[in-house]
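# Working through the structure, step by step
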Amino acid sequence: MSAHTVAPTEQVELAIGGMTCASCAARIEKKLNRMDGVEATVNYATEKAKVAFADGIEVADLIATVEATGYTAHEPTPPAAAAQDAEGVPAAEADELRPLRQRLITAVALALPVIAMAMVPALQFEYWQWLSLTLAAPVVTYAAWPFHKAAFTNARHGAATMDTLISVGTTAAFVWSLWALFFGTAGEPGMTHPFELTIARSDGAGNIYLEAAAGVTAFILAGRYFEARSKRKAGAALKALLELGAKDVTVLHDGGHEQTIPVSELKVGDRFLVRPGEKIATDGIVVEGSSAVDASMLTGESVPVEVATGDAVTGATLNAGGRLVVEATRVGADTQLSRMAKLVEDAQNGKAAAQRLADKISAVFVPVVIALAVATLGFWLGNGSGWTAAFTAAVAVLIIACPCALGLATPTALMVGTGRGAQLGILIKGPEVLETTRKVDTIVLDKTGTVTTGKMTLLATHTADGVTEDDVLRLAGALEHSSEHPIAQAVAAGAAERVGKLPTPEDFANIAGLGVQGVVDGHAVLVGREALLKEWEIHLPVGLARTKAEAEAAGRTAIAVAWDGEARAVLEVADAVKDTSADAIRRFRELGLRPVLLTGDNEAVARAVAAEVGIAPEDVIAEVLPQDKVDVVKRLQGEGRSVAMVGDGVNDAAALAQADLGLAMGTGTDAAIEAGDLTLVRGDLRSAADAIRLSRKTLGTIRSNLFWAFAYNVAALPLAAAGLLNPMIAGAAMAFSSVFVVGNSLRLRRFKPGF
C-alpha cells in the first residue's frame, strides 16, 4: 500500500463487476491505493471494495479509477430495495449467473463428444477431426469469451491475470489444431491418434488439441459457475438476516386512526400496532399492552420473553401473545437487525493477514507462470523433443498454474464462518479477529450482566419456627410491591411467582433508608433492615440472626420481615448467577483459557459468585472502579497474557477495546457492542465459548485452504513442465482445486454450538 499524505476520513462500499479471479481484485486494489488519500481493500469473493478516502475525493473519482482499470463499479443497491426474481433471488445475481450458466451448458454439451472422440480411438471415424473442430469452435469462442475479454482488457493495461493464462492456453491449443488441420497432416481422412498423458515425440503436424481447448474451457466454466453458486450460498445468512424484518406496519395516528405503510416509511417517535402473530416492525418501547415476544429468530433463545409497558422490544421479533402498541426508537439502518447485517457484511468484506499474503502472491504469480511456460517451451524445443511435446507441456503449465483456489481460500471460509456465526447469534466484526482468537489464553469476565443476570433476585426465604414460606412471601411481597426500590421489586417478583396474586396493603409507608411498613390482611407488617425492626423494639431470634450474618458474609442483601410485633423471617436477595455460567466456565477451560472474574462489587460477593461458577479465588479481581478495568487488562497483557474480555455495560467499553479480543454481550449497551470485536446476540455466556471455537475453526479452514491451494500449485507445476500432464487433465485438476476449497469452506455451515 502506498504512503498517503492525506488521512482518509470517509468510507464507501463499491460493488465491483467484471472480476474473474483474485488477481483482478489485487489489481483494482493496487490502482485505488495509488490514489492520494485512499485506502482500499477489494474482496474477490464478495465482489465488493471497501474504500476509505479523504475530503476532496469524490466517489465518482473512485469509480472512474476502477473503470479505467477495466472493470465496473457502482454503489450497491440497499438490500431492501434490490429487485428480486420469481425465486426470491436478487435480480442482479440472477442476471450474473444466467449467462454463465448458458455458456457452461453450451461448453459441456459440445465438449463432451470432442473429448470422447479424442480419448476413445474406436470413435475416431473417417472425418472425426472435422466434426471435433465444428463442435469445439463455439466452445473456444462463445463459451470462453469472458476469459478472452478479460485477458484483452488486462493486456491493454499491461497486466496479466489467471484469465490471461486460460485465454492464452486455450487459444494456443485451438490455433495449433487449426494449423495442423489446414496446413499439416491432421486433416487427412482416416487420421487417428491415441489419448496419452505422457510426452510422445512426434511430428506436431499430425496432432490436434481441440479436446484440450474445449475440455479446459468446460472444466473452468464449471468451476466458475459452482464458485458463483457457492458464493451466493455463503452469503445466505446475511440475506436471511435482512429478510427477517416485517415488510408493512400499522401506524396509529391521533384519534386512534390506523394506517398501514411500508416499514421503510416509519419514523422515530411513530406509534405502531403489533397484533398477536405479527412481527414487530422496528426497535421500540412498549407504550401499551403486554405480551410474550419470541426472539428466537434473532437471538436463538427458545423461551419467549414477557414484555409490558416500558419494556424495549427489537424489530423482527414475533409477538406471540397479546396486542401491543410500540413507539419506534430506531428505524432503518439504526435498528439492531440492520446493525447485525452490517457487522456480518463488514466482516465478510475484510481481509485476514493470510488473505493479504495470498493476494500479493497472486499478483506476481501470473507473470512468473507465463515466463515458466515460455521457458518450458524453449527447454523442450532445445532438447529436440519437437513442437508437439514442447507445446503440450507449455499449455499444461499455463492451465495448471491458475491459482483461483488461492484467491478463494480466505474469502469463502470467512463468508461461511461469519454467516454461520450470524445464524447462531455470534457476530464477528472482522477477519483479523480470527487470528486473535487463536492466541488468546486468558478470558476476563465482567460479573454483573455477564456471569450474573444483572437483576436483583429473591434467592432464599428463611423462616422462624411455626411460620410458612407462603405466609412470609404473601405479606412481605404485598408490601414490597408498592415500593419502587430494585430490592423491593425483586422480593415482590419472587413472591408473585411463588404465591400468585398478592393482596393490596393499607397504610403503606416508605421509611427512607430502612424499608417499608403497612397493614396487609389485618397484620401490621415491617420489611427492611434490622434497624427498622429495632425501632419497634423487635429483635431477630438467634437462628435468623445467624442466617442474616451468613448471607451478608456471602455478599447477599439480607431483609428482615416482621408482623404483629414478632420477627418472622429473613429474605436473601442478590444478583443471581445465570444458569449457564458454570457450564460456560468449564468450556473456557477446555479451550485452554484461564477465566478471571472482574467486578466493581465487594470482595465477598465476587468470591461467592466465583465459587459458584468454578473460578479460582486467586483469579478474582474485585472492587475495581469502571475506569480502572482498562488498567487490569493492561496489567494482564503486561504479564505476557493474550487477553479476551467479555462485558455488557458502558463501563466495559474501554476495557473491551483494550483487550486483544473484546466479546460484547448483545443484550448490553451499544457502546459495549461498538467496542467489541465479537458481539454475542444472546445473553448466554456459553455463546462466548462457541464464538471462540467458531473463530478458531474458521481460521483453521482458511489455513487448510491455503495449504492445499499452495501445495496443489507447487506439486502440479513441475509435472506440467515435465510434460506429464495433458492440458485437459490439467484444466480439470485446476477447476477441481477451486471447487475443493469452496467445498471445504462450506463445511463450516455444519458448525454446531456446544461440545
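About the cut-offs
Residues numbered from 1 in each chain as written. Predicted model: local features only at pLDDT ≥ 70, side-chain atom pairs only at ≥ 80, totals over all residues. Heavy atoms only, no water. Pairing = 2+ DSSP bridges. Helix = DSSP H or I, 4+ residues; strand = E, 2+ residues; numbered from the N terminus. Axes fitted to C-alpha atoms, helices over the stretch in contact; angles between N-to-C directions. Contact = heavy atoms within 4.5 Å. Buried < 20%, exposed > 50% of the residue type's maximum accessible area, 1.4 Å probe, protein only. Arc of directions from axis to C-beta. Parallel < 35°, antiparallel > 145°, perpendicular 65-115°, else oblique. Nonpolar A, V, L, I, M, F, W, Y, C, P; charged D, E, K, R; others polar. Left-handed = near helix turned anticlockwise from the far one by under 90°. pLDDT = per-residue confidence, 0-100. Patch = residues over 30% accessible without salt bridge, like charges linked within 9 Å, V, L, I, M, F, W, Y side chains within 5 Å. Areas by Shrake-Rupley, 256 points an atom, 1.4 Å probe, with all protein chains shown as cover. Salt bridge = Lys/Arg side-chain N within 4 Å of Asp/Glu carboxyl O. Lys, Arg positive; Asp, Glu negative; His and termini not counted. Charge placed at Lys NZ, Arg CZ, Asp CG, Glu CD. Core = buried A, V, L, I, M, F, W, Y, C linked by side-chain atoms within 4.5 Å. Domains from an automatic or database assignment.

Turning our eyes to something else, we now look at the sheet that holds strand β21 (residues 566-577). Backbone-to-backbone hydrogen bonds pair the strands of a sheet. The strands run either parallel or antiparallel. Spatial ordering of the open sheet is given by β16-β21-β20-β19-β18-β17, a layout of 6 strands whose pairing is antiparallel. In the strand order of this sheet, the two ends are held by β16 (452-463) and β17 (506-511), each with one partner. Between one strand axis and the next, the sheet turns through 20 degrees on average, direction left out of account. Each of β16, β17, β18 (515-520), β19 (523-528), β20 (557-563) and β21 is contacted by helix α16 (residues 469-480), which is oriented at about 110 degrees to β18, the strand it contacts most.

Those residues of helix α22 (residues 629-638) that fall on the buried side of the exposure criterion are Lys-629, Val-630, Val-632, Val-633 and Leu-636. Around the axis of α22, the buried residues are gathered within 160 degrees of arc, so they sit on the same side. One or two positions beyond α22, positive phi appears at Gly-640, with a value near 90 degrees.

Attention now moves to the packing of helix α4 (residues 128-143) against helix α5 (residues 145-156). Remark: α4 packs on α5, axes separated minimally by 5 Å, with the N-to-C direction vectors making an angle of 45 degrees. Compared by their axis directions, α4 and α5 come out oblique. Contacts between α4 and α5 involve Val-140, Thr-141, Tyr-142 and Ala-143 from the first element and Trp-145, Pro-146 and His-148 from the second. Grouping the amino acids of the contact of α4 with α5 by side-chain chemistry returns 5 nonpolar, 2 polar and no charged.

On to the packing of α16 against helix α17 (residues 486-499), then. One way to put it is that α16 packs onto α17 with a least axis distance of 8 Å and a crossing angle of 135 degrees. Judged by the inter-axis angle, α16 sits oblique to α17. Like other packed secondary-structure pairs, α16 and α17 cross with a definite hand, here left-handed. Where α16 approaches α17, its residues Glu-469, Asp-470, Leu-473, Arg-474, Gly-477 and Glu-480 are matched on the opposing element by Ala-488, Gln-489, Val-491, Ala-492, Ala-495, Arg-498 and Val-499. Class assignment for the residues of the contact of α16 with α17 results in 6 nonpolar, 2 polar and 5 charged.

Here the focus is the confidence of the model for the chain. On average, the chain scores 80 in pLDDT, and the residues at 70 or more come to 80%. In this model, residues 79-91 is a region of pLDDT below 50 whose contacts with residues beyond four sequence positions or in other chains number 14 contacts. Here residues 299-303 is a poorly scored stretch, pLDDT under 50, and it has 9 contacts once near neighbours within four places are set aside; other chains count.

Quick look at a positive patch on the surface now. On the surface, Lys-697, Arg-747, Arg-750 and Lys-752 cluster together into a patch of positive charge. Locating Arg-750 in the fold gives a position in the segment after α26 (727-746). Judged by its relative accessible area of 58%, Arg-750 is exposed.

Looking now at the nonpolar core. Within the largest apolar cluster, 48 residues are counted, with the highest numbers of intra-cluster contacts made by Leu-445, Phe-588, Leu-663 and Leu-685. No other element matches helix α25 (residues 686-721), which puts 8 residues into this core. Lining this core are residues from two domains, each supplying at least three of them: domain 2 (97-235 + 347-413 + 703-748) and domain 4 (431-451 + 578-676). When residues no more than four places from it in sequence are discounted, the contact partners of Phe-588 are Ile-443, Leu-445, Leu-593, Leu-685, Ala-688 and Ala-689. Ala-136, Ala-212, Ile-220 and Leu-221 belong to the second largest nonpolar core, which has 39 residues in total.

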